[in-house]
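Observations on chain architecture
Given next are the chains, with one letter for each unit.
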Amino acid sequence: MDLMAEIREPKASELKQLILIYRSAFPKHNIFQLPKKEVHKYLLYSNKKNKVLGLGYLAAIVGGKVAGALLLKRTEYDPKGKHWTVKINHLAVPPEYRGKGIGSALVKAAEDKLKLLIKKGGVKSIKVEVKVSENEARTIAFFRKHGFQLEGKLKSHFRAGELVYVMGKKL
């Protein structure tokens with residue numbers, strides 16, 4: 001059963017709610033295991049840096065509480081600005097909200113936001129990428145369901161000895 005969530009840019013106070021969500025979702029991620037104050041500074045910085053480009057965090061809000069989020073960040077672009085590569089980063093939905101359409105709503109909202117950038121004419125095309133550990137079969141299946149295709153493999157990318165899949169989709 002899908003849960004109705006408001007998908008939008010989070011307020012600074014809502015970014016703070018992401019700290020515990022990200023710590024739980026990414027227990028091996030070095031940034032999210034830092035002290036809360038440092039994690040919050042990272043969240044504010046990464047949002048501000050990407051918001052300038054029309055990207056940044058998107059959050060799913062249910063009953064005033066953050067029920068999931070992701071970060072859109074540009075990783076590559078041609079000098080004339082006609083083509084961007086944008087990475088979906090830090091997609092996380094707490095266990096109590098999983099299987100209720102929150103992750104799908106976030107990915108759809110992210111794609112809609114990127115398509116709007118194309119429609120406005122600032123960019124002609126966007127390639128969306130995500131990197132997923134080989135150990136995350138559910139996440140790989142999730143992105144395949146949303147039209148992402150396996151495009152490559154990286155050895156020892158996140159952690160030594162771990163294989164990471166690069167998945168992509170052209171908008």
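It is worth spelling out the pairing of strand 5 (residues 125–133) at this point. Taken across its 9 residues, strand 5 has 7 buried, putting it largely inside the fold. Strand direction decides the pairing type here: strand 4 (residues 83–92) and strand 5, joined by 5 bridges, are parallel. Paired with Trp84 across the bridge in strand 5 is Ile126. Following the chain from strand 4 across helix 3 (residues 102–119) to the adjacent parallel strand 5, one finds a crossover that is right-handed. Sheet topology note: the strand 5/strand 7 (residues 163–170) ladder contains 7 bridges and is antiparallel. Along strand 7, the bridge assignment pairs Glu129 with Gly168.

What follows deals with the layout of surface pockets. Space inside the largest pocket adds up to approximately 1200 Å³. Looking at the largest pocket, it is lined by 39 residues, and the ones nearest its centre are Ala25, Phe26, Leu91, Glu136 and Thr139. Mapped onto the lining of the largest pocket, the elements with two or more residues apiece are strand 4, helix 3, strand 5 and helix 4 (137–145). No other element matches the 6 residues that strand 4 contributes to the lining of the largest pocket. Residues that form the lining of the largest pocket fall into these classes: 16 nonpolar, 11 polar and 12 charged.

A word on the nonpolar core. In terms of nonpolar packing, the biggest core is built from 31 residues, with Leu72, Ile102, Leu114, Ile126, Phe143, Phe148 and Met167 touching the most fellow members. Looking at this core, the elements that each hand over two or more residues are strand 2 (56–62), strand 3 (65–77), strand 4, helix 3, strand 5, helix 4 and strand 7. Sort the elements by how many residues they give to this core and helix 3 lands first, with 6 residues. In contact with Phe143, not counting residues within four places along its chain, are Ile88, Leu91, Val107, Val130, Val132, Phe148 and Met167. With 15 residues, the next largest nonpolar core counts Leu18, Ile19, Ile21 and Val39 among its residues.

Parameters at a glance
Residues numbered from 1 in each chain as written. Predicted model: local features only at pLDDT ≥ 70, side-chain atom pairs only at ≥ 80, totals over all residues. Heavy atoms only, no water. Buried < 20%, exposed > 50% of the residue type's maximum accessible area, 1.4 Å probe, protein only. Helix = DSSP H or I, 4+ residues; strand = E, 2+ residues; numbered from the N terminus. Pairing = 2+ DSSP bridges. Right-handed = clockwise from strand over helix to strand, strands pointing away. 1 Å grid on protein atoms, 1.4 Å probe; cavity = no way out; pocket = protein on both sides within 12 Å on 5 of 7 lines; lining within 4 Å. Points joined across faces, edges and corners; volume = space filled by probe spheres on them. Nonpolar A, V, L, I, M, F, W, Y, C, P; charged D, E, K, R; others polar. Core = buried A, V, L, I, M, F, W, Y, C linked by side-chain atoms within 4.5 Å. Contact = heavy atoms within 4.5 Å.

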